[in-house]
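Chain residues, written in single-letter form:
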Amino acid sequence: MTDIPPRFRLTEHFDRAVQYANRIHANQTRKGTDVPYMTHLLGVASLVLENGAQSEEEVIGALLHDAAEDQGGRPRLEDIREQFGEQVGHIVDACTDTYENPKPPWRPRKEAYVAHVRERVESGGDEPALRVSLADKLHNTRAILADVRESGDAVFERFNGKKDGTIWYYAALVEAFRGFPNRMVSELEREVTELRRLAGTT
């Protein structure tokens, strides 16, 4: 325990966001598992809190970062803006790689997202959205790595990119985030390096 005060406090708005996320993702699980999807959303929010979040809105954005992409598209985004504000809506929008259903082809969609991250890092702005995106990718990589340690390469069959595409994507994200001033970048690089080693792609 320390006497250092927190940067900000989580209020009833955060409580409401947890309930909102739990409601809209209630029937969703982590890909290829029976693990509730809320574990990912809470994990990303925790990483953001631990690694420089500057506002409650940023943490709420972390909780809701997949809401529009997975649970309702642009109407969902507008509902989030109305209920939680423009900053939260901006973060969710920045973390969404498509609003289309069905989703466009995987590789071009991911290439565009990587380019989008790189452009935002190079511009030197939009830190809250970048922090949430980075936390999302770090949490995903840790989960994939844990599953590969347990089950081997069969894990990659869950993903649209399969083994080669999935490893390409996370390695490309490491390069895209390089230069963003947050310790999660080096953590992501370490996790991806280990994933590549276990998968035999180094």
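Here, every reference points to the structure presented above.
These lines cover the structure that appears in this document, whether it is placed above or below. (Residues numbered from 1 in each chain as written. Predicted model: local features only at pLDDT ≥ 70, side-chain atom pairs only at ≥ 80, totals over all residues. Heavy atoms only, no water.)

Quick look at the packing of aromatic side chains
Move 1: In this structure the tally under the stated criterion is five aromatic pairs.
Move 2: Connected via pairs of aromatic rings, a cluster forms that spans Trp106, Trp168, Tyr169 and Tyr170.
Move 3: The positively charged end of Arg74 is found above the aromatic ring belonging to Tyr99, 4.0 Å away from the centroid. (Phe/Tyr/Trp six-rings, centres within 6.5 Å; stacked < 30°, edge-to-face > 60°. Lys NZ or Arg CZ within 6 Å of the ring centre and 35° of its normal.)

Thoughts on helix H3 (residues 56-63)
Move 1: With seven of eight residues buried, H3 is to be regarded as a mostly interior element.
Move 2: Within H3, the full set of buried residues consists of Glu56, Glu58, Val59, Ile60, Gly61, Ala62 and Leu63.
Move 3: Close packing links the buried residues of H3 with helix H1 (12-24), helix H2 (38-50), helix H5 (73-84), helix H6 (86-94) and helix H8 (127-151). (Buried < 20%, exposed > 50% of the residue type's maximum accessible area, 1.4 Å probe, protein only. Helix = DSSP H or I, 4+ residues; strand = E, 2+ residues; numbered from the N terminus. Contact = heavy atoms within 4.5 Å.)

Some thoughts on unusual backbone geometry
Move 1: With an omega dihedral of 5 degrees, the bond running from Asn101 to Pro102 counts as a cis peptide bond.
Move 2: Along the chain, Pro102 turns up in the loop between H6 and helix H7 (106-123).

Let's talk about the side chain of Arg131
Move 1: When you line up the elements, Arg131 lands in helix H8.
Move 2: Filtering out sequence-adjacent residues up to four positions away, Arg131 remains in contact with Val48, Asn51, Gly52, Ala53, Gln54, Glu58, Phe180, Asn182 and Met184.

Here's the deal with the nonpolar core
Move 1: Core analysis: the biggest nonpolar cluster contains 62 residues, and Leu64, Ile80, Phe84, Val117, Leu173 and Phe177 have the highest contact counts within it.
Move 2: What Leu173 contacts, discounting residues up to four positions off in sequence, is Tyr113, Val114, Val117 and Lys137. (Core = buried A, V, L, I, M, F, W, Y, C linked by side-chain atoms within 4.5 Å.)

Remarks on the pattern of salt bridges
Move 1: The tally for this structure, following the rule as stated, stands at 21 salt bridges.
Move 2: A salt bridge links Lys103 to Glu69, with the nearest nitrogen and oxygen atoms 3.4 Å apart. One end of the pair, Lys103, is in the loop between H6 and H7; the other, Glu69, is in helix H4 (residues 67-70), with 34 residues separating them in the sequence.
Move 3: Among the ionic pairs, Glu175 bridges to Arg178, the shortest N-O distance being 2.7 Å.
Move 4: What makes Arg178 partly exposed here is its relative accessible area of 37%.
Move 5: The network of salt bridges with shared partners includes Glu58, Glu127 and Arg131. (Salt bridge = Lys/Arg side-chain N within 4 Å of Asp/Glu carboxyl O.)

A look at the packing of H3 against H6
Move 1: In the contact formed by H3 and H6, the axes pass within 8 Å of each other and the chain directions differ by 40 degrees. With respect to each other, H3 and H6 are oriented oblique. When you trace H3 past H6, the crossing you get is right-handed. In contact with Glu57, Glu58, Ile60 and Gly61 of H3, H6 contributes Gln87, Val88, Ile91 and Val92.
Move 2: When the residues that make up the contact of H3 with H6 are grouped by side-chain class, the tally is four nonpolar, two polar and two charged. (Axes fitted to C-alpha atoms, helices over the stretch in contact; angles between N-to-C directions. Parallel < 35°, antiparallel > 145°, perpendicular 65-115°, else oblique. Left-handed = near helix turned anticlockwise from the far one by under 90°. Nonpolar A, V, L, I, M, F, W, Y, C, P; charged D, E, K, R; others polar.)

Observations regarding the environment of Glu175
Move 1: As for its position among the elements, Glu175 is in helix H9 (residues 162-177).
Move 2: Among the residues examined, Glu175 registers a relative accessible area of 46% and is labelled partly exposed.
Move 3: A polar contact of 2.7 Å, which involves the side chain of Glu175, links it to the side chain of Arg178. (Polar contact = N/O pair within 3.5 Å; in protein donor to acceptor, adjacent residues only side chain to side chain.)

Let's talk about the side chain of Thr166
Move 1: One can find Thr166 in helix H9.
Move 2: The residues touching Thr166, leaving out its near neighbours within four places in the chain, are Trp106, Ile144, Phe156, Phe159 and Gly161.

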